[in-house]
Structure formats: C-alpha cells, structure tokens
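# Remarks on the overall topology
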Number of protein chains: 2
Amino acid sequence: MLEDKTKIFKALSDPNRLRIIKALQTKVLCVCEIRELLQLANSTVSQHLSILKEEGFIIEEKSGKWVNYSINPRPSDPRISAILSTIDFWIGDDSVIVSDKKKIFSLDRMMICC
Amino acid sequence: MLEDKTKIFKALSDPNRLRIIKALQTKVLCVCEIRELLQLANSTVSQHLSILKEEGFIIEEKSGKWVNYSINPRPSDPRISAILSTIDFWIGDDSVIVSDKKKIFSLDRMMICC
DNA sequence: AAAGTATTTCGTCTTTTACCGAAATGTTCT
DNA sequence: AGAACATTTCGGTAAAAGACGAAATACTTT
C-alpha cells in the first residue's frame, strides 16, 4: 500500500519528533528527560516516541523504572537508515536543535523525575 | 524555523501527492489529466499541485487554456533534488504507481477535458 | 463581446493529528 | 503488601489536512 510508504514521512512531519531524533543521536534519554527538553506533557512525549518506535527510528530498553530510548542501531528498513545517517541534511542546523543539544547535557533524570 | 523544515516531509505525506510526483516524472500533465488519473475533484487536485509547487517539487507552465505541470528541473533546495532523484527508493514499486504509469499513456486531454 | 473551457479560490464538512489531564500499568523500594 | 515513581493508555478538545461543489478567474474561440 502506498499509504504505508507515506508513514515514514508522516513520522518526520512533526518538529517535536525531529527534535527527539536529534536528541537521541546525542544521548540515550528516558521519557521524562525528553519531556523536560520539549516542555510537553508526559503522555504527549510517550505518544511521539511510540510513533518513532513503530516506524523503526528508535528502540526502547527498560531499565528499572525507567524506559531508555535510543536511536535504532540496525533498522530493518533501509529508508530509516538513510534518514538517520543524513538527518542533518534534511533539517540543517536549526537554532532549536542547537540549544537542545546544549540543554541535553544538563539534564539529570534524578533531579527531573521528582 | 524547524517547523519549516518539516514542510518537505508534510508534502510527501500524502499518497496522492506521491502519485502526482511519479506521474509527472513520466509525463508532463495538466490538471484534468491528473484528475482523471487520481479520480479526485478538480479542486482537490489543484490544491495538491499548489502544495507541491510551493515546496519546489514541481513547476507550472501556462499553455493556452491549459496549465501544464512538470517536475522542477532545477530545484533551489538540494533536499528537493535529492528526493526527486531517489523517489523510487522511498516509495518502491507500488502497484498503484505501476498501474498509474500504464494509464498515463492512454490519457488524452482532448477527450478528458469535456 | 459573448460563450466555452480549464483552473483556482472559497466555504464547508469530515477525518486526522497533536495536545492535555486523569486513570491504569509496571517497576522498585521499604 | 503497600507506597512511590516512570510510563502508557484512555477520553476528550482544538487545530490542521483532505475532500467536495459552487463561485470566481483566466484564457480561447467564435
């Protein structure tokens, strides 16, 4: 189905999801760290993550009470690999991405998650 | 703005727009030929075309009472060039695309357009 | 100038998407 | 087992997207 082929583009059509991909290329993060970065509700972040996971961009790994999200190191779909390795070409050096990158290093899940 | 960077993906997020791009890679077409191919209302096709034109995927050339649409031969945005030259990688050989390709050659704007 | 045809614009409707807060789930720690 | 915390799922809302038909526009031809 052609409709299915559009899913990869739909996943990339949201600025917050692009920020998540770029953030995870910098560092493995849990949901609440991403929530802190994007300033969205927890449930909204979770929803974005499930879309990115469904498409194969990212993977999750449970670790205690946290769920760590990271870039999928071996996507089965070559289109996903292609996007992940050329993401900067597609989104350029956006100012939001740059400031996100700085902020990521100051995130401390012990402090953030109540 | 990061939001602007997503526009290219939004444009590619609709199956009908992907069909239009592939169709125009086969042949220059006018609005009513595309309407016939996609079986959509004229106004809907026009809307899709304006989105693709806005993003730089296609160009229009008025020719008498017709408006011919074709693939932009020299996109200013390298991302558009990249997509256009690798479109098959992204959407594969979908059955709809294949049948579209056959149908395109039988389209006759003189017959179609009342 | 008027009629005819191709296309675009406009108003409206329906579906989808992004978001939130609350409730439910799963895990850890006491 | 129960409290505490991270995350997901659920229900609902507002905005965006895709569709249509009718009206407006643009160009040709008579």
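Each remark here, short or long, concerns the structure printed above.
I will try to describe carefully the structure that is included in this document.

The rules behind each value
- Residues numbered from 1 in each chain as written.
- Chains lettered and ligands numbered in written order.
- Predicted model: local features only at pLDDT ≥ 70, side-chain atom pairs only at ≥ 80, totals over all residues.
- Heavy atoms only, no water.
- Near = heavy atom within 4 Å.
- Polar contact = N/O pair within 3.5 Å; in protein donor to acceptor, adjacent residues only side chain to side chain.
- Helix = DSSP H or I, 4+ residues; strand = E, 2+ residues; numbered from the N terminus.
- Nonpolar A, V, L, I, M, F, W, Y, C, P; charged D, E, K, R; others polar.
- Least-squares fit on C-alpha atoms with pLDDT ≥ 70 in both.
- Contact = heavy atoms within 4.5 Å.

Now for the protein's contact with DNA strand D. By nearness alone, 23 residues border DNA strand D, and A:Ser46, A:Tyr69, A:Cys113, B:Ala41 and B:His48 come closest of all. Considering the 4 Å shell around the protein, atoms of DNA strand D inside it are sugar or phosphate in 78% of instances. In this structure, A:Cys32 approaches DNA strand D through a main-chain N or O atom, which is 2.9 Å from a phosphate oxygen. Taking A:Val67, its main chain carries an N or O atom lying 3.2 Å from a phosphate oxygen of DNA strand D. Among the elements of the structure, helix 4 (31-38), helix 5 (42-55) and strand 3 (66-71) of chain A together with helix 3 (15-26) and helix 5 (42-55) of chain B are those that each provide at least two residues to the surface near DNA strand D. Split by residue class, the surface near DNA strand D holds 10 nonpolar, 8 polar and 5 charged.

All right, on to the relation of the copies chain B and chain A then. Between the two copies of the chain lies a rotation about an axis combined with a shift along it. For the pair chain B and chain A, the superposition axis carries a translation of 0.0 Å, the fit reaches an RMSD of 0.0 Å, and the rotation angle comes to 180°. The relationship between the two copies is best expressed as a two-fold rotation axis. By C-alpha distance to the rotation axis, the residue of chain B lying nearest is B:Phe9, at 2.5 Å. Residue by residue, 100% of the interface of chain B is reproduced at the interface of chain A, so both copies engage with the same surface.

Turning next to the protein's contact with DNA strand C. As a matter of local geometry, DNA strand C sits amid 24 residues, with A:Ala41, A:His48, B:Ser46, B:Tyr69 and B:Cys113 nearest to it. Atoms of DNA strand C within 4 Å of the protein belong to the sugar or the phosphate in 78% of instances, the rest to bases. For DNA strand C, a sugar or linking oxygen lies 3.5 Å from a polar atom in the backbone of A:Gly64. Within the contact set of DNA strand C, a phosphate oxygen lies 2.7 Å away from a side-chain nitrogen or oxygen of B:Ser46. Of all the elements in the fold, those that place two or more residues in the surface near DNA strand C are helix 3 (15-26) and helix 5 of chain A together with helix 4 (31-38), helix 5 and strand 3 (66-71) of chain B. Considered class by class, the residues forming the surface near DNA strand C number 10 nonpolar, 8 polar and 6 charged.

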